[in-house]
Amino acid sequence: MTYDKKTIEDIQVAGRKVLVRCDFNVPMKDFVITDENRLVGALPTITYLVKNGAKVILCSHLGKPKGQPKPELSLEPVAKRLSELLKKTVLFAADDNVVGNTARKAVEAMADGDVILLQNVRYREEETQNGDVFSKELASLAEIFVNDAFGTAHRAHSSTVGVTQFVETSVCGYLIEKELRYLGEAVANPKRPMVAILGGAKISDKIQVINNLLDKVDGLVIGGGMAYTFMKAQGYEIGTSLLEEEKIDYALEMINKAKEKGVKLLLPVDNVCGKTFAADTECVVTENQNISAGFMGLDIGPKSIQLFKSELEQAKTVVWNGPMGVFEFDNFAKGTLAIAETLAALDATTIIGGGDSAAAVNQLGFGDKMSHISTGGGASLEFLEGKVLPGIDACDDK
Ligand code: AMP
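The structure presented is a predicted model; accordingly, all values stated were derived computationally and were not measured. (Residues numbered from 1 in each chain as written. Predicted model: local features only at pLDDT ≥ 70, side-chain atom pairs only at ≥ 80, totals over all residues. Heavy atoms only, no water.)

A. Expanded view of the site of the ligand. Taken together, 16 residues form the shell around the ligand, and within it Ala201, Gly225, Gly297, Glu328 and Asp356 come nearest. For the ligand, a nitrogen atom lies 3.0 Å from a polar atom in the backbone of glycine 297. Between the ligand and the protein, one listed contact pairs an oxygen atom with a side-chain N or O atom of glutamate 328 at 2.5 Å. When the ligand sits alone it has 510 Å² of accessible area, and the protein chains cover 81% of it. Placement of the ligand is best described as lying within the second largest pocket. The residue inventory of the shell around the ligand, partitioned by class, reads seven nonpolar, five polar and four charged. (Near = heavy atom within 4 Å. Polar contact = N/O pair within 3.5 Å; in protein donor to acceptor, adjacent residues only side chain to side chain. Areas by Shrake-Rupley, 256 points an atom, 1.4 Å probe, with all protein chains shown as cover. 1 Å grid on protein atoms, 1.4 Å probe; cavity = no way out; pocket = protein on both sides within 12 Å on 5 of 7 lines; lining within 4 Å. Sits in = over half its atoms within 2 Å of the grid points. Nonpolar A, V, L, I, M, F, W, Y, C, P; charged D, E, K, R; others polar.)

Next up, the structure:
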């Protein structure tokens, strides 16, 4: 899917009220933001609008308050941190109705270049239903709508899709533009060889993406929990590792598709196993693919790391989604760490597809070594699957 949508540079914003849908759905602990990737990603659009004299009204969701005000899911800490990052006050419109009297008054009082942040849009239950009433209320605050929430672009909600029906103009912000540039180039016109790395728990979450990527890549590396269904399909013993029995036929189909397409499909050749799914379980490395009864594969082994590494070192484009093992447990994080290290050292376009792999890369300190870390796990997967992203589709064409 390719998009040719208007962006903030295609319209006049001076003196106009601009509603910007951001993705401020950030992890927080005790009201402190623990990963700022999404906040930092939103800054270029906000800065551009401020510099160009717009009245900037930001909105976002945070977590799943399910249509109720929930103080622990208030966006107030985001307004505070954004003020620091922008070196400019971001006024928080503390309004449990999101677009109630408090928010309206705050918007009326805005001068050109001011920035306010509305309350969590999911405090309103119509948000996720894409309800017209809430979409109209949001639209009534502004003339222009900017969607810059890539992480929510795969959802048709009031603040991503509904609102576009009731404003003059809807355009994409810089973050969505950047995401589309990197992900779009990787899919449409990659520098070759292109290798995709898929991991994480389940095949069933990534069925379409495996199928679609096999039409595009030169190499496909599969690790993590999902690798064991592929290994079982090839007749190996997998002990008590994750298995999706009903996906064995699909795994075989994909193995055959890779052969037909001439795609090099790499699976683990050894494993780091535990007796139970626990951080302190006894750790055993297998000689080869086979895992003994009573053990479960929780990470790729050293030979697999070498094999994957040598394949990745040839690549000019790499797309990675999903960890190689249970990286939350130190004993089973080596595979994921090694892949992150390998990508960080490559002279290639490296794209991390959001979610757990993005968190792992950032936590391990390799964030700035990658070409692009997507701010949307689900959205980047749906993009790689070739699906239409409704939040982007709803913006005006060029
Ligand atoms: P996903 O959301 O599908 O990308 O899966 C991410 C999760 O997969 C992480 O929480 C990992 O701990 C988990 N995971 C990765 N490898 C394994 C494995 N071998 N067994 C069980 N869980 C795994």
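Back to the write-up after that little detour.
B. Structural view of the domain arrangement of the chain. On domain assignment, one finds that the chain holds domain 1 (8-175) and domain 2 (182-384). If you average the C-alpha positions of domain 1 and of domain 2, the two centres end up 35 Å apart. Domain 1 puts eight residues into the contact, and the matching count from domain 2 is ten residues. Across the interface of domain 1 and domain 2, roughly 770 Å² is buried in total on both sides, 58% from carbon and sulfur atoms. Of all residues in domain 1, Asn37, Phe150 and His154 bury the most surface against domain 2, accounting for 64% of the area lost on that side. Counting across the domain 1 and domain 2 interface gives zero salt bridges. Between domain 1 and domain 2 we count one residue pair in polar contact (both at pLDDT 80 or more) in total. Looking at side-chain class alone, the side of domain 1 that touches domain 2 contains two nonpolar, three polar and three charged residues. (Domains from an automatic or database assignment. Contact = heavy atoms within 4.5 Å. Buried area = accessible area lost by both parts, 1.4 Å probe. Salt bridge = Lys/Arg side-chain N within 4 Å of Asp/Glu carboxyl O.)

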